[in-house]
Amino acid sequence: MKSTTAKIGLVLWLTLVICAAILFPMVPAPEKWYEFPIIPGLEEKARIIFFHVPMAWTTVVAFVAAMIYGIRFLMTKNLDYDLRSVSAAGLGTMFCILATVTGSLWAKFNWGSFWNWDPRETSIFVLLLIYGAYFALRSAVDVEEKRATLSAVYAIIAGVTVPFFIFVMPRIMTGLHPGSKGDPQGAGPVVQFKMAPNMLLVFFASLLGFTLLYFWLFNLKVRSSRLELQQQSQE
Amino acid sequence: MFDFLADHQLYIVMLIVLLIWAGFVIYLFRLDGRISKLEEMIQPKPDQPVAEKK
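A.B. asks: Mind showing me how you'd approach the nonpolar core here?
C.D. replies: Here is a general trend for soluble globular proteins: nonpolar side chains tend to be buried in one another's company. Counting residues in each nonpolar core, the largest one holds 74 residues, and the members touching the most others are Phe50, Phe51, Leu127, Tyr131, Leu213 and Tyr214 of chain A together with Trp21 of chain B. In this structure, Leu127 of chain A is in contact with Phe63, Cys96, Thr161, Val162, Phe165 and Ile166 of chain A, ignoring residues within four places of it in sequence.

A.B. asks: Would you mind going over unusual backbone geometry with me for this structure?
C.D. replies: Comment: phi is negative for the bulk of residues other than glycine, and the bulk of peptide bonds are trans. Residues and elements named next belong to chain A. Backbone geometry at Lys77 places phi at a positive 60°, although glycine is not the residue there. By the element assignment, Lys77 lies in the loop between helix H2 (49–76) and helix H3 (79–110). A residue is classified by how much of its surface remains accessible, and Lys77, at 30% relative accessible area, is partly exposed. Backbone geometry at Trp117 places phi at a positive 55°, although glycine is not the residue there. Mapped onto the elements of the fold, Trp117 is located in the loop between H3 and helix H4 (119–140). Classification of Trp117 as exposed rests on a relative accessible area of 53%.

A.B. asks: What should I look at first to understand the interface of chain B and chain A in this one?
C.D. replies: How big an interface is tends to be stated in terms of the accessible area lost upon association of its parts. On the chain A side, the residues contacting the 26 residues of chain B number 28 residues. In this assembly, chain B packs against chain A so that about 2,600 Å² is buried in total across both faces, 73% of it on carbon and sulfur atoms. Connecting chain B to chain A are three salt bridges. Two residues, Glu39 of chain B and Arg223 of chain A, come together in a salt bridge whose shortest N-O distance is 2.9 Å. A class-by-class count of the residues in the side of chain B that touches chain A yields 20 nonpolar, one polar and five charged.

A.B. asks: I keep staring at the packing of helix H1 (residues 4–23) of chain A against helix H7 (residues 197–234) of chain A and nothing clicks. Help me out?
C.D. replies: Each pair of packed helices gets described by two things: the angle between the helix axes and the distance between those axes. Residue and element names in this part refer to chain A. Relative to each other, H1 and H7 sit at 145°, their axes nearing to 9 Å. The two elements H1 and H7 meet at a crossing, and its hand is left-handed. Facing Lys7, Leu10, Val11, Trp13, Leu14, Val17, Ala20 and Ala21 of H1, the residues of H7 in contact are Val202, Ala205, Ser206, Leu208, Gly209, Phe210, Leu212, Leu213 and Trp216. Across the contact of H1 with H7, the residue classes break down as 14 nonpolar, two polar and one charged.

What counts and how
Residues numbered from 1 in each chain as written. Chains lettered and ligands numbered in written order. Predicted model: local features only at pLDDT ≥ 70, side-chain atom pairs only at ≥ 80, totals over all residues. Heavy atoms only, no water. Core = buried A, V, L, I, M, F, W, Y, C linked by side-chain atoms within 4.5 Å. Buried < 20%, exposed > 50% of the residue type's maximum accessible area, 1.4 Å probe, protein only. Contact = heavy atoms within 4.5 Å. Helix = DSSP H or I, 4+ residues; strand = E, 2+ residues; numbered from the N terminus. Buried area = accessible area lost by both parts, 1.4 Å probe. Salt bridge = Lys/Arg side-chain N within 4 Å of Asp/Glu carboxyl O. Nonpolar A, V, L, I, M, F, W, Y, C, P; charged D, E, K, R; others polar. Axes fitted to C-alpha atoms, helices over the stretch in contact; angles between N-to-C directions. Left-handed = near helix turned anticlockwise from the far one by under 90°.

Limitation: the analysis is restricted to geometry and does not speak to function.
Following this line, the structure appears as structure tokens:
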């Protein structure tokens, strides 16, 4: 995400996604291309899928990126990879918190309470704890290279757990969340089983937009961290 | 106008979301511009890795 045109394109893309996700009407029997069918049990609340799921997806992208940069740091001992790894982990944690908050708001209106210790909620909570510990570990070590090595190893181990907590555990356990084992549609992915083609289109457009937004944020975070490091080394 | 918004509450939701989104985008563009300016001021070019262990 370096050119201004690409950034403006991304902003327009996500603006269109926001408008479509919020304004397209939900009707029992869709006739026009822009009408979404009502999903039983979700109704208008189904619109959260266009924001909440891409946030969770971006979390996975960021944590996997943190793991990859951790591996590259251990291979090269280049501190720039440590900087990228911690930037990715920070953004991943931010998106994870956003996914948790939006999911919790949705749970209040669909399940009646903000927090229910559903397998999906529990797994994302554990994930937040794991990455909270990552930042605690980093702040506990003062020596730059030792901190980078320890956190790279930790980022790799934590990254391995991410697919399990996001994709596997909530699907093999009975829960309230759509797509879990007790769900009437089966334990498969929610989006393929329950979404009409036009909903899928908006959903994947949102997924792409959020992923690109992550890369823009990542670029800004890495560049600002480099400047901060340069300033510190000059002092 | 008031009746229209009362009947179409999703428009109010969209307006609020777009306002937040616009604020966030303006912040990102300003931040991007400021970082670029600082990068131009500071040498060597910050695209280079910060340090490398031999």
